[in-house]
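Listed here are the chains, written in short residue letters.
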Amino acid sequence: MEFKTIIEPFKIKTVEPIRWTSQEQRSQLLREAHYNLFLLPAHAILIDLLTDSGTAAMSTRQWAAMMEGDESYAGSRSFERFRLAVEGIFGYKHVIPAHQGRAAERILFNVMCKKGDVVPNNTHFDTTRANVEYVGAEAVDLVIPEGKDPANLHPFKGNMDVAGLAQLIERVGARRVPLVMLTITNNSGGGQPVSIENASAVRDICRRHGIPLYFDACRFAENAYFIKLREKGYEQKTPKQIAQEMFALGDGCTMSAKKDGMANIGGFLCTNNDALAQQEENLLILTEGYPTYGGLAGRDLEAVAVGLEEALEEDYLRYRIASTAYLGRHISAEGVPIVQPPGGHAIYLDARAFLPHIAPASFPGVALAAELYLEGGIRSVEIGTLMFGEHATMDLVRLAIPRRVYTQSHIDYAVEVILEVWKRREKIRGMRIVHAAPFLRHFTAQLQPL
Ligand SMILES: Cc1ncc(COP(=O)(O)O)c(C=O)c1O
């Protein structure tokens, strides 16, 4: 008998209380945080859907492995476990640990890019774009047109526009393109997957021009499961086999293990290129740490080594994708505009369609995120004009689901809160910036309602 209900594939062993606040308190807290939810104290949040990054609940196996952490400065046994786990899935020759994804990005772009270069990606994540631009290179987003249309039901909306990539390389010349990146899944574009077919086509273009292909692999397990569900010929393969096939198309990757590494901290950089690995390790030693720990404790390396395998378990991925889709289905059934189909790690509200009376320049996503907090203590994040400035093609509010943290009743509550805000959407006002930093301004910007 196959039951319809897809249950959480775990029992809860340790609990952490969450706390209610009154609407007056939340209104005051919002003013004090200058309407930027990053500036709220976490204890004033009931359900925190700010990010799925570093917020996972770890398993008993991960905690047990952490007790075995070898904290030796050099040659730690934990690094060897970590290296073998990464190698077994990703298959690249060099595994360079880093404290999180952006540390891997900084090292990669410092070593591979220079002023005047161009880096194509399906969609750069905010830290990726910032790290590319920081070395004076240009970050170009080349997702397929369907990926920019929130209502479009294309099964692989994270795919790269292959013709657009070929034209770009033709226009700027292959010498100015030090690498091409594919972000799996495409976080900024709605947590949408990339197909093996598309990655193969991108790889072919890269090979033709002698350009290496790198993956931003944060949510590689969710991407692999979408391929299993949606791409012909992959129904019978395991998520691990699919991930291995994907990574075999590339020359390396950056990874934030705070996502599909199921860990609270950690990341890595991989490459098949010996000369690059040498330079990357030199830079690692300068800023992150010795190459057998890269800014992580031995116990962190252990947690990631176990977490990478757990993220690929089919029971887990079935529940993960189903519970995210559950949230999307229940709000879109009431007319709430979301990026369709639901992504792997998050539901993205389409703030431009939710609040059509607020122009992108008045930050509809920021306004909507503030209202969700005011209504029910839910923290989300704007991915739009505040985050990307004039590069923003959509204004989204991301409700990211931490891994293995919330149960279905928490999600039912979130549905209720969103629907309450939906009912009074016409009264919501836009925002204006009163203070902003030159890079990654969304983290610290201060805003005011218009
Ligand atoms: C697609 C993508 N790339 C890179 C990163 C950066 O990773 P980290 O936050 O570990 O620095 C993130 C984090 O959210 C991400 O989603």
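Preceding this paragraph is the structure being described.
Treat the numbers as computed from the prediction; the structure is a model and nothing was measured. (Residues numbered from 1 in each chain as written. Predicted model: local features only at pLDDT ≥ 70, side-chain atom pairs only at ≥ 80, totals over all residues. Heavy atoms only, no water.)

Caption draft 1: Seen up close, the site of the ligand. Residues in close proximity to the ligand total 15 residues, the closest being Arg102, Asn187, Asp216, Ser256 and Lys259. At 2.7 Å from a nitrogen atom of the ligand is found a side-chain nitrogen or oxygen belonging to aspartate 216. Serine 256 places a polar side-chain atom, nitrogen or oxygen, 2.6 Å from an oxygen atom of the ligand. Contact with the protein chains removes 97% of the 380 Å² of surface that the ligand exposes when unbound. (Near = heavy atom within 4 Å. Polar contact = N/O pair within 3.5 Å; in protein donor to acceptor, adjacent residues only side chain to side chain. Areas by Shrake-Rupley, 256 points an atom, 1.4 Å probe, with all protein chains shown as cover.)

Caption draft 2: Spatial organisation of empty space enclosed by the protein. Within the structure shown, the criterion is met by two cavities of 30 Å³ or more. Taken as a whole, the largest cavity holds about 110 Å³ of empty space. If you go around the largest cavity, the residues you meet are Tyr35, Asn36, Leu37, Phe38, Val366, Ala369, Ala370, Ser380, Val381, Glu382, Leu386 and His442. When residues of the lining of the largest cavity are traced back to their parent elements, those giving at least two are helix H14 (364-376) and strand E11 (381-383). By residue number, the principal contributor to the lining of the largest cavity is H14, which donates three residues. Grouping the amino acids of the lining of the largest cavity by side-chain chemistry returns eight nonpolar, three polar and one charged. Of the volumes computed, that of the second largest cavity is approximately 40 Å³. Secondary structure elements with two or more residues in the lining of the second largest cavity: helix H8 (220-230) and helix H9 (239-247). (1 Å grid on protein atoms, 1.4 Å probe; cavity = no way out; pocket = protein on both sides within 12 Å on 5 of 7 lines; lining within 4 Å. Points joined across faces, edges and corners; volume = space filled by probe spheres on them. Helix = DSSP H or I, 4+ residues; strand = E, 2+ residues; numbered from the N terminus. Nonpolar A, V, L, I, M, F, W, Y, C, P; charged D, E, K, R; others polar.)

Caption draft 3: Broad picture of the environment of threonine 5. Here threonine 5 lies in the segment before helix H1 (23-32). Residues threonine 5 and methionine 246 lie 241 residues apart in sequence; the distance between their C-alpha atoms is 31 Å.

Caption draft 4: The arrangement of the packing of H8 against H9 in detail. Across the interface, H8 lies against H9 with an axial gap of 8 Å and an inter-helix angle of 105°. By the criterion of interaxial angle, the relationship of H8 to H9 is roughly perpendicular. Touching Phe220, Asn223, Ala224, Tyr225, Ile227 and Lys228 of H8 are Pro239, Ile242, Ala243, Met246 and Phe247, all from H9. By residue class, the composition of the contact of H8 with H9 is nine nonpolar, one polar and one charged. (Axes fitted to C-alpha atoms, helices over the stretch in contact; angles between N-to-C directions. Parallel < 35°, antiparallel > 145°, perpendicular 65-115°, else oblique. Contact = heavy atoms within 4.5 Å.)

Caption draft 5: Fine view of the side chain of serine 380. Note that serine 380 resides in the loop between strand E10 (378-379) and E11. By relative accessible area, which is 2% here, serine 380 ends up buried. Once residues within four sequence positions are removed from consideration, serine 380 is found in contact with Leu37, Leu49, Leu50, Ala369, Leu372, Val397, Arg398 and Leu399. (Buried < 20%, exposed > 50% of the residue type's maximum accessible area, 1.4 Å probe, protein only.)

Caption draft 6: Local environment of the packing of aromatic side chains. Here the structure, examined in full by the defined rule, presents 15 aromatic pairs. For the ring pair phenylalanine 90 and phenylalanine 268, a centre distance of 5.1 Å and an interplane angle of 90° mean the geometry is edge-to-face. With a gap of 178 residues between them, phenylalanine 90 in helix H3 (residues 77-90) and phenylalanine 268 in strand E8 (residues 267-271) connect regions that are remote in the sequence. Phenylalanine 90 sits in the buried class, given a relative accessible area of 2%. One residue, arginine 425, lies across the ring of tryptophan 422, its end atom 3.6 Å from the ring centre. (Phe/Tyr/Trp six-rings, centres within 6.5 Å; stacked < 30°, edge-to-face > 60°. Lys NZ or Arg CZ within 6 Å of the ring centre and 35° of its normal.)

Caption draft 7: Here's a closer look at the pattern of salt bridges. Under the criterion given, the structure shown has 27 salt bridges. One salt bridge connects aspartate 117 with lysine 114, and the closest N-O pair in it is separated by 3.4 Å. Residue classification places lysine 114 among the exposed positions, given a relative accessible area of 51%. Between aspartate 260 and arginine 403 there is a salt bridge whose closest N-O contact spans 3.1 Å. With aspartate 260 in the loop between strand E7 (252-256) and E8 and arginine 403 in the loop between strand E12 (396-400) and helix H16 (408-423), the pair connects residues that are 143 residues apart, well separated along the chain. Just as aspartate 260 is buried, arginine 403 falls in that class too. (Salt bridge = Lys/Arg side-chain N within 4 Å of Asp/Glu carboxyl O.)

Caption draft 8: Here's a closer look at the sheet that holds E11. Spatially, three strands are ordered E9-E12-E11 in an open sheet, and the strand pairing comes out antiparallel. The open sheet is flanked by strand E9 (346-350) and E11, the only strands paired with a single partner. Strand-to-strand, the axes of this sheet are offset by a mean angle of 35°, without reference to chain direction. Across five bridges, E9 lies against E12 in antiparallel orientation. From the neighbouring strand, aspartate 350 faces E12, where its bridge partner is leucine 396. Sitting on the sheet, helix H12 (residues 314-332) is in contact with E9 and E12, with an inclination near 25° to E9. (Pairing = 2+ DSSP bridges.)

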